[in-house]
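Coordinate inspection notes
Chain by chain, the residues:
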Amino acid sequence: MNTFDFIDWWGYFEGNEIVCVWPVALDKNKTPVKNYFFTYYVGPMWAHRLPEFPSHKSSNYANKVYNSFLDMFSQSY
């Protein structure tokens, strides 16, 4: 039995380069699956390490990416 039927792949790009992707599992009605019964990890996957910034700048950059995803998720779901 599958807990989800579809996956929407969301990506954050800088220019033509992918920086981060975030999969969203959907059920047969294309509604996001909120509870995963079995998984190792659900969340963003970075294409590469964060740039070699000081900790506060890396954190600021990551927050910018996450906020972009959350804005799009809020509009779409």
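Residues numbered from 1 in each chain as written. Predicted model: local features only at pLDDT ≥ 70, side-chain atom pairs only at ≥ 80, totals over all residues. Heavy atoms only, no water.

1. Quick notes on the overall build of the chain
On a plain count of helices and strands, the chain comes out with one helix and three strands. When the helices and strands of the chain are read in sequence order from the N terminus, they spell out β-β-β-α. For the chain, with 77 residues in total, the buried portion stands at 23%. Accessible area of the chain: about 6100 Å², with a carbon and sulfur share of 53%. (Helix = DSSP H or I, 4+ residues; strand = E, 2+ residues; numbered from the N terminus. Buried < 20%, exposed > 50% of the residue type's maximum accessible area, 1.4 Å probe, protein only. Areas by Shrake-Rupley, 256 points an atom, 1.4 Å probe, with all protein chains shown as cover.)

2. As for a nonpolar patch on the surface
The grouping of Ile-7, Trp-9 and Met-45 at the surface amounts to a nonpolar patch, some 310 Å² of accessible area in total. Tracing the backbone shows Trp-9 in strand β1 (residues 6–14). Given the relative accessible area of 55%, Trp-9 is considered exposed. (Patch = residues over 30% accessible without salt bridge, like charges linked within 9 Å, V, L, I, M, F, W, Y side chains within 5 Å. Salt bridge = Lys/Arg side-chain N within 4 Å of Asp/Glu carboxyl O.)

3. Side note on the environment of Glu-17
Relative to the helices and strands, Glu-17 is located in strand β2 (residues 17–26). In this structure, the C-alpha to C-alpha distance between Glu-17 and Ala-47, residues 30 residues apart in sequence, is 9.1 Å. Not counting chain neighbours up to four residues away, the residues in contact with Glu-17 comprise Tyr-12 and His-48. (Contact = heavy atoms within 4.5 Å.)

4. Describing unusual backbone geometry
Although it is not a glycine, Lys-30 sits at a positive phi angle of roughly 60°. Checked against the element boundaries, Lys-30 lands in the loop between β2 and β3 (45–46). Judged by relative accessible area, which is 52%, Lys-30 ranks as exposed.

5. Some thoughts on the pairing of β2
Counting buried positions over the ten residues of β2 gives seven, a clear majority of the element. Where β1 and β2 come together, nine bridges link them in antiparallel fashion. Residue Asp-8 lies in a different strand from β2, and its bridge partner there is Val-24. Linking two consecutive strands that pair antiparallel, namely β1 and β2, is a turn of two residues; a positive phi of about 65° is found at Gly-15 within it. (Pairing = 2+ DSSP bridges.)

6. Observations regarding the confidence of the model for the chain
Here the chain averages 80 in pLDDT, and 79% of its residues register 70 or above. Within the chain, the element-level pLDDT minimum falls on β3, averaging 85, and the maximum on β1, averaging 88. (pLDDT = per-residue confidence, 0-100.)

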